[in-house]
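# Observations on the three-dimensional arrangement
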Amino acid sequence: MSKKALILTWEKFQDHEVIYPYYALKQEGFEVTVAANEIGRVFGILGAHITCDLLVDDLCPDSIDDYDLLVVPGGVKALEKLRLEKNAVNFTKNWINAGKTTFSICNGAQLLITAGVVQGRKLSGYYSIEPDINNAGAEYSRDNVVIDGNLVSCPHYDFMGEWMREGFKVYNESN
């Protein structure tokens, strides 16, 4: 049985935070789907591109069963748009509520906040959104990697290697 991961993003994503996880997931044997705002090449804020396979508009809240792991990368410009998309918000809410493994980095936490799934949890995100995380009822941490159940978060791409390594441990323990 093949493992399937979904990277949920939008154009102007933080390049490092999409490309590194994409290839790390592939290296771990995952079939990776990228959902964004258009099919084909989607460009990050620094100009790198990734191929998008699925439109965010085509995500259904009950399609969580199609995937085993969710990655929510950052990029403030991407998240400003993504968190306004009802399909992305509802999918994320159902995903987290189902207790499925989630990797969130940097401004990716903004989607979790909008989905209303962080209250009472401990997580990280980019340093400037610490007040947003706290105001949403979560406990903010500046640690390189924060694990709260099946939610694995990280504040910055400087820590991606550690974040992915620890995240895969969480995934493997829960599956």
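This report concerns the structure included in the present document. In every chain, residue numbers begin from 1 and rise along the written sequence. Given that the model is predicted, a residue must reach a pLDDT of at least 70 before its local features are reported, and side-chain atom pairs must reach 80 or more before they are shown or counted; all residues, however, enter totals for whole chains, interfaces and linings. In computing side-chain properties, one takes all heavy atoms of the structure into account and sets aside hydrogens as well as water.

## Describing the overall build of the chain
Numbered from the N terminus, helices here are DSSP runs of H or I no shorter than four residues, and strands are runs of E no shorter than two. Regarding its fold elements, the chain presents six helices and 11 strands. We take the radius of gyration over the C-alpha atoms and set the globule estimate at 2.2 Å times the residue count to the 0.38 power. For 175 residues, the compact-globule estimate of 2.2 N^0.38 gives 16 Å, and the chain sits close to it at 14 Å. Projected onto its principal axes, the C-alpha positions of the chain cover 35 × 35 × 30 Å. Working definition: with a 1.4 Å probe on protein chains only, accessible area under 20% of the residue-type maximum means buried, over 50% means exposed, and in between means partly exposed. Buried positions account for 50% of the 175 residues belonging to the chain. Every accessible area reported is derived by Shrake-Rupley at a probe size of 1.4 Å, with residue values counting cover from the shown protein chains alone. Accessible surface computed for the chain: about 7900 Å², of which carbon and sulfur atoms make up 44%. In the chain, 16 side chains carry a positive charge and 24 a negative one; their mean positions are 1 Å apart. When charges are tallied, Lys and Arg are placed among the positive residues and Asp and Glu among the negative ones, while His and the ends of the chain are skipped. Charge positions are represented by NZ for Lys, CZ for Arg, CG for Asp and CD for Glu.

## Re unusual backbone geometry
A positive phi angle, near 70 degrees, is found at Lys12, a position not held by glycine. Secondary-structure assignment places Lys12 in the loop between strand S1 (3–8) and helix H1 (15–27). Its identity is not glycine, yet Cys106 carries a phi of approximately 60 degrees, on the positive side. Its relative accessible area of 7% is what places Cys106 among the buried residues.

## Some words on the sheet that holds strand S5 (residues 54–55)
Strands were regarded as paired on the criterion that DSSP finds at least two bridges between them. Strand order across the open sheet formed by seven strands is S5-S2-S1-S6-S7-S11-S10, with mixed pairing between neighbours. Only two strands of the sheet have a single partner each, and these edge strands are S5 and strand S10 (146–148). Both S1 and strand S6 (residues 69–72) contribute to a ladder of three bridges, which runs parallel. Residue Ala5 lies in a different strand from S6, and its bridge partner there is Leu69. Contacts are assigned to residue pairs with any non-hydrogen atoms lying within 4.5 Å of each other. What counts as an axis is a line fitted to C-alpha atoms, over the stretch in contact for a helix, and the angles between N-to-C directions run from 0 to 180 degrees. Against the sheet, H1 engages S1, strand S2 (30–36), S6 and strand S7 (101–105), with an angle of about 155 degrees to S2. Where helix H3 (residues 86–97) meets the sheet, its contacts fall on S1, S6 and S7, and the angle it forms with S1 comes to roughly 135 degrees.

## Concerning the packing of H1 against helix H6 (residues 160–174)
Two elements in contact, H1 and H6, have axes whose closest approach is 11 Å; the angle formed by their N-to-C orientations is 40 degrees. One element, H1, and the other, H6, form an angle in the oblique class. Handedness of the H1/H6 crossing: right-handed. Of the residues in H6, those touching H1 at His16, Glu17, Tyr20, Pro21, Ala24 and Leu25 are Met160, Gly161, Trp163, Met164 and Phe168. In terms of residue class, the contact of H1 with H6 is built from eight nonpolar, two polar and one charged. An angle below 35 degrees is treated as roughly parallel, one above 145 as roughly antiparallel, one from 65 to 115 as roughly perpendicular, and anything else as oblique. Crossing handedness is read from the near helix: turned anticlockwise from the far helix by less than a right angle, it gives a left-handed crossing, and turned clockwise, a right-handed one. In this count, Pro and Cys sit with the nonpolar residues alongside Ala, Val, Leu, Ile, Met, Phe, Trp and Tyr, while Asp, Glu, Lys and Arg are called charged and the others, Gly among them, polar.

## Describing the packing of aromatic side chains
Stacked, tilted and edge-to-face are the three classes assigned to paired rings of Phe, Tyr and Trp, where Trp is represented by its six-membered ring and a pair needs centres within 6.5 Å; plane angles under 30 degrees give stacked, over 60 edge-to-face, the rest tilted. Within this structure, the stated rule accounts for eight aromatic pairs. Where Phe91 meets Trp95, the ring centres are 5.7 Å apart and the plane angle is 25 degrees; that geometry is what we call stacked. Of the two residues, Phe91 and Trp95 both sit in helix H3, four residues apart, roughly one turn of that helix. Classification of Trp95 by relative accessible area gives buried; the value is 0%. In this scheme, Lys NZ or Arg CZ marks a charge over a ring once it lies within 6 Å of the ring centre and within 35 degrees of the ring normal. In this arrangement the basic side chain of Lys3 is found over the ring face of Phe30, its NZ or CZ atom lying 4.6 Å from the centre.

## So, the side chain of Ser124
With respect to the element layout, Ser124 can be found in the loop between strand S8 (122–123) and helix H5 (130–135). On the accessibility criterion, Ser124 (0% relative accessible area) is buried. Pairs of N or O atoms are called polar contacts if they sit within 3.5 Å, as long as, within protein, a hydrogen donor faces a hydrogen acceptor (for residues adjacent in sequence, only side-chain-to-side-chain pairs). Polar side-chain contacts of Ser124 include one of 2.8 Å to the backbone oxygen of Ser141. Non-local contacts of Ser124, meaning those with residues more than four positions away in its chain, are made with Ala109, Ile133, Tyr140, Ser141, Arg142, Asp143, Val146, Ser153, Cys154 and Pro155.

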